[in-house]
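The lines below spell out each chain.
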Amino acid sequence: MRVLFDQGTPLPLRTHLSDHQISSAYELGWGSLQNGELLQQAEAQGFEVLVTTDQNLKYQQNLANRTIAIVVLRATSWPRIQKVLHTIIAVVTSAKPNSYAEVEIPF
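Residues numbered from 1 in each chain as written. Predicted model: local features only at pLDDT ≥ 70, side-chain atom pairs only at ≥ 80, totals over all residues. Heavy atoms only, no water.

Explain unusual backbone geometry residue by residue, including any values.
Leaving glycine out, the prevailing phi sign among residues is negative, and the prevailing peptide bond configuration is trans. Even without being glycine, asparagine 98 reaches a positive phi, approximately 65°. Summarising the element assignment, asparagine 98 is placed in the loop between α4 (85–93) and β5 (100–103). According to the relative accessible area criterion, asparagine 98 is partly exposed, its value standing at 37%. (Helix = DSSP H or I, 4+ residues; strand = E, 2+ residues; numbered from the N terminus. Buried < 20%, exposed > 50% of the residue type's maximum accessible area, 1.4 Å probe, protein only.)

Below, the structure written as structure tokens:
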């Protein structure tokens, strides 16, 4: 699956999603794109999943007609995210087109 990491997504997560093709918005030169533009560009380039830490995305964007699946990590802290890697991997792997999922990150 082609997965795009948004700006706040910790890059070390990439090594734990090795079954997927991971790119970051920064690596693609999309670091300055706003959410709507980023979603459009990602879909146009064939990305299937966006992993983001932007918890407001669902309020800021109309997600109804999107083909890309969105996975929101509810924290940016890599040490905290590491505690739920198995959940994140499962959510990304099972993502379906136009789905939306939030992953709680414990303290």
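More follows now that the structure is in view.
A description of α4 should follow, citing residues and the corresponding values.
Those residues of α4 that fall on the buried side of the exposure criterion are Leu85, Ile88 and Val92. Along α4, the residues classed as buried sweep out an arc of 65° about the axis, all on the same side. Looking at the buried side of α4, the elements it contacts are β1 (2–5), β3 (49–52), β4 (69–73), α3 (78–82) and β5. (Arc of directions from axis to C-beta. Contact = heavy atoms within 4.5 Å.)

Could you give an account of helix α1 (residues 35–44), naming the residues involved and the relevant values?
Buried residues of α1: Asn35, Gly36, Leu38, Leu39 and Ala42, and no others. Seen along its axis, α1 keeps its buried residues to an arc of 165°; they face one direction. Exposed and oriented more than 90 degrees from the buried face of α1 are Gln40 and Ala44. On the buried face of α1, the contacting elements are β1, β3, α2 (57–60) and β4.

Now, about the pairing of β1: what can you tell me, with residues and values included?
Relative to strand β2 (residues 21–24), β1 is paired through four bridges, and the arrangement is parallel. Within β2, the residue paired with valine 3 across the bridge is isoleucine 22. Direction of pairing for β1 relative to β3: parallel, over a ladder of three bridges. Residue pairing across strands places leucine 4 opposite leucine 50, the latter belonging to β3. (Pairing = 2+ DSSP bridges.)

Geometry only, nothing functional implied.
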